[in-house]
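Listed below are the residues making up each chain.
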Amino acid sequence: VRTSCPTEQEVVRAVRAGDLPPSLHDHAEGCASCSLALRLAIFFAQEPIADQVGDETGQIWRRAQAIAFLSERKRPAREQRLTTLDRIGAASLRLLSVLGLALILDLAWTNAGPLTLSVRVVAAVTAAALIVGGLQILGIWRQVRRPG
Amino acid sequence: MERTEFEELYRTTASSLRRYALRSCGNRQQAEDIVQEAFLRILTPTAQPIREPVRYLYRLTTNLLRDEWRRAPRRTEEELSDDHPAPSSTQQADLGADLAAALARLGPKDRQLLWLAYAEGFTHHEIAEIMGRRPASIRVLLFRARQRLERVITRGGSS
């Protein structure tokens, strides 16, 4: 089984703490796995601290705040836009329903005889109601599927 | 995350994270950009609370490095081999130079693994979490990375 020596971790921890006991050092000298671990740990520990570019915490914090602020602003605007579309769709549907019903009733009453509704008028009103209703359903579906 | 908490995290982690990124990608400016981006992303609200912010930062940095390699797979390792200070003795200098040259010749993933294991002292389980792999895979990958390193050192010494 390809495994390394279980003492490796201890060797690395000791180097990181800057306190390598002689017993561990002796073990590392005789163990191929720990010897490489020791070399690497010492080498990495000697790596110079990366240049302090400056304290960027303030800059990063402000950027994060700006990103959060912008995403918060975007969300209500999108919601509002969808709600407005939704309302327009619903109102149009109601209006058309009322107009259609009124037209049917008017035709029925003014003919003063058996109901003589034109197929063309009924088809037109139904088609209009279906289109508007479909748009409204599409609006609701988009709102439900909106991420976040 | 509160601002004071973030500042403390930055103070304790930024330097080693920079070295990790630099050791992995070999380009100081790129490493700096990646570390800044990782710190920015840790401030982005997440669905679940971050339990281990240091490991989470390493994971973010690892993912950003991976994204960068996907965009530009081969970058020159211009700053890796000449990054160490002059050691105090000739023997140390030889050992350091050998290792620096050998590490610079390894692939970035091998360097990442070796850094996480021997510079940061993370366990296989922690490295697996950082790299998004299983601990058993990390054990094998780390073993292979060490083998490759040893081979490069031996070849370097014999040539």
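Residues numbered from 1 in each chain as written. Chains lettered and ligands numbered in written order. Predicted model: local features only at pLDDT ≥ 70, side-chain atom pairs only at ≥ 80, totals over all residues. Heavy atoms only, no water.

Undergrad: Outline the overall build of chain B, listing residues and values.
TA: From N to C terminus, chain B includes 7 helices and 0 strands. The order of helices and strands in chain B, counted from the N terminus, is α-α-α-α-α-α-α. Counting over 159 residues, chain B shows a buried share of 48%. Taking the contacts inside chain B whose residues are at least 6 apart along the sequence as the reference set, 68% of them involve residues at least 24 apart. With an accessible surface of roughly 8200 Å², chain B has 48% of that area assigned to carbon and sulfur atoms. (Helix = DSSP H or I, 4+ residues; strand = E, 2+ residues; numbered from the N terminus. Buried < 20%, exposed > 50% of the residue type's maximum accessible area, 1.4 Å probe, protein only. Contact = heavy atoms within 4.5 Å. Areas by Shrake-Rupley, 256 points an atom, 1.4 Å probe, with all protein chains shown as cover.)

Undergrad: With reference to specific residues and values, describe the nonpolar core.
TA: Membership of the largest hydrophobic core comes to 65 residues, with the highest contact counts inside it found for A:L40, A:F44, B:F39, B:L114, B:Y118 and B:L149. By residue number, the principal contributor to this core is helix 1 (residues 3-25) of chain B, which donates 9 residues. (Core = buried A, V, L, I, M, F, W, Y, C linked by side-chain atoms within 4.5 Å.)

Undergrad: Tell me what's going on with the pattern of salt bridges, and back it up with residues and numbers.
TA: A complete count under the given rule lists 11 salt bridges over all chains for this structure. B:R146 is paired through a salt bridge with A:E8; the nearest N and O atoms lie 2.3 Å apart. Placement of the pair is B:R146 in helix 7 (residues 135-158) and A:E8 in helix 1 (residues 8-17), with the two residues belonging to separate chains. Residue A:E8 is classed as buried on the basis of its relative accessible area of 7%. For the salt bridge of B:R55 with B:E129, the shortest nitrogen-to-oxygen distance reads 3.0 Å. Here B:R55 is found in helix 3 (residues 53-71), whereas its partner B:E129 is found in helix 6 (residues 124-131), with 74 residues between them in sequence. Classification of B:R55 as buried rests on a relative accessible area of 15%. By relative accessible area, B:E129 is classed as partly exposed at 36%. (Salt bridge = Lys/Arg side-chain N within 4 Å of Asp/Glu carboxyl O.)

Undergrad: Give me the lowdown on the interface of chain B and chain A, citing residues and values where you can.
TA: Contacts between the two partners involve 43 residues from chain B, matched on the other side by 34 residues from chain A. Of the roughly 3700 Å² buried at the junction of chain B and chain A (both faces included), carbon and sulfur atoms supply 62%. Looking at the side of chain B facing chain A, the largest losses of area belong to B:R19, B:L40 and B:Y118, adding up to 17% of the total buried there. At the junction of chain B and chain A, the tally comes to 2 salt bridges. One salt bridge connects A:R16 with B:E120, and the closest N-O pair in it is separated by 3.8 Å. For the pair chain B and chain A, the interface holds 6 residue pairs in polar contact (both at pLDDT 80 or more). No other element matches helix 1 of chain B, which puts 8 residues into the side of chain B that touches chain A. Its residues assigned to classes, the side of chain B that touches chain A comprises 20 nonpolar, 7 polar and 16 charged. (Buried area = accessible area lost by both parts, 1.4 Å probe. Polar contact = N/O pair within 3.5 Å; in protein donor to acceptor, adjacent residues only side chain to side chain. Nonpolar A, V, L, I, M, F, W, Y, C, P; charged D, E, K, R; others polar.)

Undergrad: Account for the environment of A:A64, naming residues and giving values.
TA: Relative to the helices and strands, A:A64 is located in helix 4 (residues 57-110). If sequence neighbours within four positions are ignored, A:A64 has contacts with B:L40 and B:L43.

Undergrad: Quick one: what's the story with helix 3 of chain B, residue by residue and with numbers?
TA: All names here are of chain B. Relative to the 27 Å expected for 19 residues at 1.5 Å per residue, helix 3 spans 27 Å between its end C-alpha atoms, a close match to the ideal helical length. Within helix 3 the residues assigned to the buried category are R55, L57, Y58, L60, T61, T62, L64, L65, E68 and W69. For helix 3, the secondary structure elements touched by its buried residues are helix 1, helix 2 (28-42), helix 5 (108-118) and helix 6. (Expected span 1.5 Å × (residues − 1).)

Undergrad: Account for the packing of helix 1 of chain B against helix 5 of chain B, naming residues and giving values.
TA: Residues and elements named next belong to chain B. At a minimum axis separation of 8 Å, helix 1 and helix 5 run at an interaxial angle of 150°. In terms of their interaxial angle, helix 1 and helix 5 are classed as roughly antiparallel. In this structure, helix 1 crosses over helix 5, and the sense of that crossing is right-handed. Counting all contacts with helix 1, which are made through S16, R19, Y20, R23 and S24, the residues of helix 5 involved are P108, R111, Q112, W115 and L116. (Axes fitted to C-alpha atoms, helices over the stretch in contact; angles between N-to-C directions. Parallel < 35°, antiparallel > 145°, perpendicular 65-115°, else oblique. Left-handed = near helix turned anticlockwise from the far one by under 90°.)

Undergrad: I'd like to hear about the environment of B:R151, residue by residue, with values.
TA: All names here are of chain B. Tracing the chain through its elements places R151 in helix 7. For R151, a relative accessible area of 44% puts it in the partly exposed group. A C-alpha to C-alpha distance of 8.9 Å links R151 and A102, two positions 49 residues apart in sequence.

Undergrad: Could you give an account of the packing of aromatic side chains, with specific residues and numbers?
TA: Aromatic rings in a pair are described by how distant their centres are and how their planes are angled relative to each other. If you walk through the whole model with that rule in mind, you get 8 aromatic pairs over all chains. Considering the side-chain rings of A:F44 and B:W115, the 4.8 Å spacing of their centres and the 65° angle between planes classify their relative orientation as edge-to-face. Taken as a pair, A:F44 in helix 3 (residues 32-46) and B:W115 in helix 5 lie in two separate chains rather than in one. On the basis of relative accessibility, which here comes to 1%, the residue B:W115 falls in the buried class. Seen from their ring centres, A:W61 and B:F6 are 5.9 Å apart, and the 40° between their planes marks the pair as tilted. Of this pair, A:W61 sits in helix 4 while B:F6 sits in helix 1, which puts the two residues in different chains. B:F6 matches A:W61 in its accessibility class, with the two residues each being buried. In this structure an aromatic cluster arises from ring pairing among A:W61, B:F6, B:Y10 and B:F39. (Phe/Tyr/Trp six-rings, centres within 6.5 Å; stacked < 30°, edge-to-face > 60°.)

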